Amino acid sequence: MNLGLAGRVALITGGARGIGLAHARALGHEGAVIILNDVDEQAAEAAVGGLRADGIQVGFRPGDATVPDVVEDTVAGVLSEHGRLDILVNNAGIGVKPAALVQEMPFDAWQRMLHVHLDSTFLWSRAAVAPMRENGFGRIINTSSMNFTGGGRPGVAHYSAAKAGIVGLTRTMAKEVGPLGITVNAIAPGYVATELIAQFSADMMRRLQSQNPMGRLCQPEEVAALVAFLCSGHAGFINGELICMDGGRRDFYWG
């Protein structure tokens, strides 16, 4: 299927590795111009080199995805260089540590989790609306989690709350900007086979796979394929949705 992304300009936060890099590769192979934002400049340089070796047109704009000035300057730079912004994939995030029950969780840990996940999604989405409105086309993809769709699990209330907030933001924005030709959707992956997950013990990996009806972990390329479709013209009437990619494990609980 031709997704019609040739010439589209896509900005991906947290795009230097893992799922974000898979997004970049999937969109780039469909002809989109890729702009990566990441705080890890060394990883981003390696990612850019690999993508260019694959024939993908890609650039890198460093900076902390949670800083308003970084967000505004990055979007302004993309517009100055490319004249447009068609796609935003809000992928930047951090892991669930430190994990703690609500009554034991430090407030700064709570604040940081919401800041990195929810605040950054708000900042980038807000900045992207004006250029997308000008073109009459836009795709914003936000990243939620199975930890929200599965009802949450003890010890990660900060993470579950941040991911729930992203869904609320997604559904509200979808109503606000849908008339402008912009769709806003969210994805909720389960455990995805990335470098972060690879650090788990062999026993934990076996447990995670056995708990899933599919008997395996999700692959980054599978998530990226969904995102590429949502960014295409074929998905123009999909708006305000939360799409789960958890292999069917909606009642997830890892005790």
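Details of the structure are given in the entry above.
In short, a report on the structure. A quick note: this is a predicted structure, and the numbers were derived from the prediction, not measured.

1. Some details on the overall build of the chain
Next, step 1: Each helix and strand counted, the chain has nine helices and seven strands in total.
Next, step 2: In terms of overall dimensions, the chain is globule-like: its C-alpha atoms have a radius of gyration of 17 Å, near the 18 Å expected for 255 residues.
Next, step 3: Looking at the chain as a whole, 51% of its 255 residues qualify as buried.
Next, step 4: When contacts within the chain are restricted to residue pairs at least 6 apart in sequence, those whose partners lie at least 24 apart make up 76%.

2. With respect to the pairing of strand β4 (residues 87-90)
Next, step 1: The alternating pattern of β4 places Ile87 and Val89 and Leu88 and Asn90 on opposite faces, both of which are buried.
Next, step 2: Where strand β1 (residues 9-13) lies against β4, three bridges are found, and the strand directions are parallel. For isoleucine 12, the partnering residue across the bridge sits in β4 and is valine 89.
Next, step 3: As paired elements, β4 and strand β5 (residues 138-143) share four bridges and run parallel to each other. Bridge pairing in β5 links leucine 88 to isoleucine 140.

3. Focus: the sheet that holds strand β2 (residues 33-38)
Next, step 1: If you walk across this open sheet you meet the seven strands as β3-β2-β1-β4-β5-β6-β7, and the pairing is parallel. The two strands at the open ends of the sheet, each matched to only one other strand, are β3 (58-62) and β7 (242-245). Each strand axis lies, on average, 20° off the axis of its neighbour in the sheet, ignoring direction.
Next, step 2: In this fold helix α2 (residues 41-53) packs onto β2 and β3, with an angle of close to 170° to the strand it touches most, β3.
Next, step 3: Against the sheet, helix α9 (residues 220-231) engages β4, β5, β6 (182-189) and β7, with an angle of about 165° to β6.

4. Section: the packing of helix α1 (residues 18-29) against α9
Next, step 1: Where α1 meets α9, the axes come as close as 8 Å, and the angle between the chain directions of the two elements is 50°. Judged on the interaxial angle alone, α9 and α1 are oblique. When the axes of α1 and α9 are compared, the crossing they make is right-handed. Across the interface between the two elements, Gly18, Ile19, Ala22, His23, Ala26 and Leu27 of α1 pack against Pro220, Glu221, Val223, Ala224, Val227, Ala228 and Cys231 of α9.
Next, step 2: Classifying every residue of the contact of α1 with α9 by side-chain character gives 10 nonpolar, two polar and one charged.

5. Some thoughts on the side chain of threonine 170
Next, step 1: By the secondary structure assignment, threonine 170 is in helix α6 (residues 157-177).
Next, step 2: By relative accessible area, threonine 170 is classed as buried at 1%.

6. A closer look at the pattern of salt bridges
Where charged atoms from two side chains of opposite charge come close, those side chains can pair.
Next, step 1: Using the criterion set out here, one finds six salt bridges in the structure.
Next, step 2: A salt bridge links arginine 216 to glutamate 222; the shortest N-O distance between them is 2.8 Å.
Next, step 3: On the basis of relative accessibility, which here comes to 30%, the residue glutamate 222 falls in the partly exposed class.
Next, step 4: Ionic contacts of the salt-bridge type, sharing partners, join the residues Arg8, Arg84 and Asp86 into one network.

7. Details of the layout of surface pockets
Next, step 1: By volume, the second largest pocket is sized at about 200 Å³.
Next, step 2: Forming the boundary of the second largest pocket are 16 residues, of which Asn212, Arg216, Cys218, Asp246 and Gly247 lie nearest the centre.
Next, step 3: Class assignment for the residues of the lining of the second largest pocket results in eight nonpolar, four polar and four charged.

What counts and what doesn't
Residues numbered from 1 in each chain as written. Predicted model: local features only at pLDDT ≥ 70, side-chain atom pairs only at ≥ 80, totals over all residues. Heavy atoms only, no water. Helix = DSSP H or I, 4+ residues; strand = E, 2+ residues; numbered from the N terminus. Rg over C-alpha atoms; globule rule 2.2 N^0.38 Å. Buried < 20%, exposed > 50% of the residue type's maximum accessible area, 1.4 Å probe, protein only. Contact = heavy atoms within 4.5 Å. Pairing = 2+ DSSP bridges. Axes fitted to C-alpha atoms, helices over the stretch in contact; angles between N-to-C directions. Parallel < 35°, antiparallel > 145°, perpendicular 65-115°, else oblique. Left-handed = near helix turned anticlockwise from the far one by under 90°. Nonpolar A, V, L, I, M, F, W, Y, C, P; charged D, E, K, R; others polar. Salt bridge = Lys/Arg side-chain N within 4 Å of Asp/Glu carboxyl O. 1 Å grid on protein atoms, 1.4 Å probe; cavity = no way out; pocket = protein on both sides within 12 Å on 5 of 7 lines; lining within 4 Å. Points joined across faces, edges and corners; volume = space filled by probe spheres on them.

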